[in-house]
Amino acid sequence: MTTERRRRTAGVVLLFGLVYIVFEFVTAMAWVDPPYDWARNFISDLGFSDCAVVDGEPICSPLHPLMNAGFMVQGTVFTIGSLLVVRIMLQRRWERFVVAALLVSSGVGTFFVGVFHQSLALYEAGLNGFHLLAATLAIGPGNAGILLLGLLAFRHVEWRGYGIAVALLGVAGLVSSVLLVTETDFGLGIGLIERFAVYPLNAWTIGSGVGLLVKGVRDKNVRAARMRETAALPGS
């Protein structure tokens with residue numbers, strides 16, 4: 001696969017990250033009694049398959065299958081897109097291996113958040129730890145991975161602006177992850193802090209997809225302009 005085709009493929013794959021955003025919004029809007037609270041409720045509450053009171057919070061998500069499908073779509077998109085991106089932006093084998101390991105761990109974790117979605121049955125069977133493990137893999141390694149990717153990409157002039165933006169996303173995600181683990185919400189709501197930890201991953205997915213596609217079009221236009229200039233030279 002040529003570099004140009006790999007960029008285009010990665011861009012298209014990563015844009016499917018929009019599916020998760022749409023599924024999350026639609027699922028949240030379906031909550032009626034009680035309405036979904038973006039600041040207080042966890043993201044995983046949207047995938048809870050029963051109507052129940054958990055830790056004093058009432059949960060009832062009518063479209064939980066849609067949300068859990070969204071987790072699995074995002075996990076798949078993130079995993080495939082990550083493997084393509086590291087091949088495009090990183091040259092050294094160790095860099096590709098480390099960054100890919102972190103990002104793929106995040107993608108797999110996100111997928112299994114949907115598989116081991118929260119439910120009363122999962123709690124009663126003592127298996128909720130699988131959901132927590134999947135969520136931990138999704139958030140921590142993912143933010144560490146995009147931070148490292150950004151720092152490594154920054155060294156190359158072609159990807160310098162991208163590297164800065166991605167590294168900042170990773171820092172924001174990791175700081176928020178620490179706040180989430182320590183349950184420090186500054187009165188904003190723990191659900192909002194979780195979003196500050198998770199949404200950098202969604203932003204990386206969609207932003208990278210858009211960026212790669214735009215870069216592909218821009219590079220193609222530049223090559224076409226140079227060919228026209230060359231053809232216009234005397235004796236050409």
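Note that the structure is predicted; figures quoted are calculated from it, not measured.

1. A word on a nonpolar patch on the surface
Argument step 1. On the surface, Val22, Phe25, Val26, Met29 and Leu63 cluster together to form a nonpolar patch covering roughly 430 Å² of accessible area.
Argument step 2. Along the chain, Val22 turns up in helix H2 (residues 18-29).
Argument step 3. Classification of Val22 as partly exposed rests on a relative accessible area of 46%.

2. Description of the state of the cysteines
A covalent bond between the sulfur atoms of two cysteines is referred to as a disulfide.
Argument step 1. Counted by the stated rule, this structure contains 1 disulfide.
Argument step 2. Cys51 shares a disulfide with Cys60; S-S distance 1.9 Å.
Argument step 3. Residue classification places Cys51 among the exposed residues on the basis of a relative accessible area of 54%.

3. Observations concerning the packing of helix H1 (residues 3-15) against helix H3 (residues 64-89)
Two measures define how a pair of helices packs: the angle their axes make with one another and the distance between the axes.
Argument step 1. At their nearest, the axes of H1 and H3 sit 9 Å apart, and the two run at 155° to each other. On the basis of the axis angle, H1 is roughly antiparallel to H3. Of the two possible hands of crossing, H1 and H3 adopt the one that is left-handed. In contact with Arg6, Arg7, Thr9, Ala10, Val13 and Leu14 of H1, H3 contributes Val77, Ile80, Gly81, Leu84, Val85, Arg87 and Ile88.
Argument step 2. By residue class, the composition of the contact of H1 with H3 is 8 nonpolar, 2 polar and 3 charged.

Rules used in this analysis
- Residues numbered from 1 in each chain as written.
- Predicted model: local features only at pLDDT ≥ 70, side-chain atom pairs only at ≥ 80, totals over all residues.
- Heavy atoms only, no water.
- Patch = residues over 30% accessible without salt bridge, like charges linked within 9 Å, V, L, I, M, F, W, Y side chains within 5 Å.
- Areas by Shrake-Rupley, 256 points an atom, 1.4 Å probe, with all protein chains shown as cover.
- Salt bridge = Lys/Arg side-chain N within 4 Å of Asp/Glu carboxyl O.
- Helix = DSSP H or I, 4+ residues; strand = E, 2+ residues; numbered from the N terminus.
- Buried < 20%, exposed > 50% of the residue type's maximum accessible area, 1.4 Å probe, protein only.
- Disulfide = S-S within 2.5 Å.
- Axes fitted to C-alpha atoms, helices over the stretch in contact; angles between N-to-C directions.
- Parallel < 35°, antiparallel > 145°, perpendicular 65-115°, else oblique.
- Left-handed = near helix turned anticlockwise from the far one by under 90°.
- Contact = heavy atoms within 4.5 Å.
- Nonpolar A, V, L, I, M, F, W, Y, C, P; charged D, E, K, R; others polar.

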